[in-house]
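A structural walkthrough
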Amino acid sequence: MTNLSATDIGQVIVGTKPGDVRPADVSPSDVAIGIDFGGSGIKGAVVDVRSGLIVGDRLRMPTPRPAVPHQVVGVMNELVRRLVVPWDPEIGAAFPVGVGIPSAIRKGVVLTAANIDPAWIGFAAEAEMGRAMGRTVVAGNDADVAGLAELRFGAGQGQRGVVLVLTIGTGIGSALFIDGRLVPNTEVGHLTIDGRDAEERAAESARERLKLEWREWAAGLDVYLHELERLFWPDLFIIGGGASKRADNYLGFLTVETPIAVATFRNNAGIVGAALVAHERRTLAMAAAGEPAA
Ligand code: BGC
């Protein structure tokens, strides 16, 4: 793996928000690193999986161009290296990494590439990233992991029944839950509506691309939600992704009967959920090996 320098990776934006915790406040056995692979930026943080809080700073680096797997993995590797700097090296080296990728993913392998470079199709993400980073890496669909964060700690906490989380941003991601259990890779952002892929009209990027007023864009989103309602009969929709930040501009135009909640983690759900799946996998592996969960 290439060692990228700060100039190769561009500016790193560092920030801590109120409510986040410091490394000294958590037990290292309760943390994992979460990474969210987006079109413009790759974000990551150390997460306390018992509370869903970010520990220390969250880092963001620009997504490299072209965003082909080995380049992106190089940036993720650098992000992880920087995230563990505040920790004792031996402790930080054991943190597992979870990565949310905007594609269907089965057994750690990337299957689709709707909004990312086609070179990702067939990429053995978990194996390759694990090798590059020298630690356990768990890869999941970005919306699936974001949904897990919302169900565990956010807008869907304790919610039984059928919950459909939609992350509305560049594309539309989906995470379907029944009594809190995920049905992975639902990909309902690609449902065909009026002969077109739903995300072409209802993603947030479509509002920007087509220069639509909120009301016009919401009308398309509403048609889409009605179709989902007719097919899944959910008990709750949760809207996340970039569009969750400006929900007040369009929620009033939506006419579905299903209650709609706005994701509480906003854009951080992907980081938190990715850390959750990584931590769970490590806990399972340790139990299988007969090791105490520390
Ligand atoms: C992809 C999904 C992803 C969603 C949000 C869609 O285009 O097919 O896998 O979850 O975008 O990033």
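What counts, and at which threshold
Residues numbered from 1 in each chain as written. Predicted model: local features only at pLDDT ≥ 70, side-chain atom pairs only at ≥ 80, totals over all residues. Heavy atoms only, no water. Near = heavy atom within 4 Å. Polar contact = N/O pair within 3.5 Å; in protein donor to acceptor, adjacent residues only side chain to side chain. Areas by Shrake-Rupley, 256 points an atom, 1.4 Å probe, with all protein chains shown as cover. Helix = DSSP H or I, 4+ residues; strand = E, 2+ residues; numbered from the N terminus. Nonpolar A, V, L, I, M, F, W, Y, C, P; charged D, E, K, R; others polar. Domains from an automatic or database assignment. Buried < 20%, exposed > 50% of the residue type's maximum accessible area, 1.4 Å probe, protein only. Pairing = 2+ DSSP bridges. Phe/Tyr/Trp six-rings, centres within 6.5 Å; stacked < 30°, edge-to-face > 60°. Salt bridge = Lys/Arg side-chain N within 4 Å of Asp/Glu carboxyl O.

Residues in close proximity to the ligand include Pro-102, Ser-103, Ala-114, Asn-115, Asn-141, Asp-142, Ala-143, Ile-172, Gly-173, Glu-187, His-190 and Glu-199, which together make up its full environment. Between the ligand and the protein, one listed contact pairs an oxygen atom with a side-chain N or O atom of His-190 at 2.6 Å. Glu-199 places a polar side-chain atom, nitrogen or oxygen, 2.9 Å from an oxygen atom of the ligand. In the complex, the protein chains occlude 93% of the 310 Å² of accessible area that the ligand would expose alone. Among the elements of the structure, helix H5 (142-153) and strand S10 (172-178) are those that each provide at least two residues to the shell around the ligand. Broken down by class, the residue content of the shell around the ligand amounts to four nonpolar, five polar and three charged. Both domains that furnish three or more residues to the shell around the ligand are identified here as domain 1 (6-142 + 268-274) and domain 2 (155-263).

Glancing now at the pairing of strand S5 (residues 97-101). With five of five residues buried, S5 lies mostly within the body of the structure. Here S5 shows no split at all, with Val-97, Val-99 and Ile-101 on one side and Gly-98 and Gly-100 on the other all buried. In this structure, strand S2 (residues 31-37) lies alongside S5, joined through four bridges in parallel fashion. Within S5, the position partnered with Ile-35 by the bridge is Val-99. Two strands pair when backbone bridges link them, and S5 and strand S8 (residues 137-141) are joined in this way by five bridges, in the parallel orientation. If you follow Gly-98 over to S8, its bridge partner there is Val-138.

Below, the discussion takes up the packing of aromatic side chains. Under the counting rule described, the total for this entry stands at six aromatic pairs. Ring centres of Trp-120 and Phe-123 lie 5.3 Å apart, and the angle between their planes is 80°; this geometry places the pair in the edge-to-face category. In this structure Phe-123 comes out as buried when scored by relative accessible area, which is 15%. Ring centres 5.8 Å apart and planes at 20° place the aromatic pair Trp-214 and Tyr-250 in the stacked group. Of this pair, Trp-214 sits in helix H8 (residues 214-232) while Tyr-250 sits in the loop between strand S14 (236-240) and strand S15 (260-262), and the two are 36 residues apart along the sequence. A relative accessible area of 0% means that Tyr-250 is categorised as buried. Three or more aromatic residues joined by ring pairs form one cluster here, namely Phe-37, Trp-120 and Phe-123.

So, on to the domain arrangement of the chain. Each assigned domain of the chain is listed here: domain 1 (6-142 + 268-274) and domain 2 (155-263). Applying the counting rule to domain 1 against domain 2 returns four residue pairs in polar contact (both at pLDDT 80 or more). Class assignment for the residues of the side of domain 1 that touches domain 2 results in three nonpolar, three polar and one charged.

With respect to the helices and strands, Ser-244 occurs in the loop between S14 and S15. When its relative accessible area of 1% is taken as the criterion, Ser-244 is described as buried.

Before going further, it helps to examine the pattern of salt bridges. In total, this model carries 13 salt bridges according to the counting rule given. Residue Glu-204 is joined to Arg-246 by a salt bridge in which the shortest nitrogen-to-oxygen separation is 3.4 Å. Residue Glu-204 is located in helix H7 (residues 204-209), and its partner Arg-246 is located in the loop between S14 and S15; the two are separated by 42 residues in the primary sequence. The class for Arg-246 is partly exposed, based on a relative accessible area of 39%.

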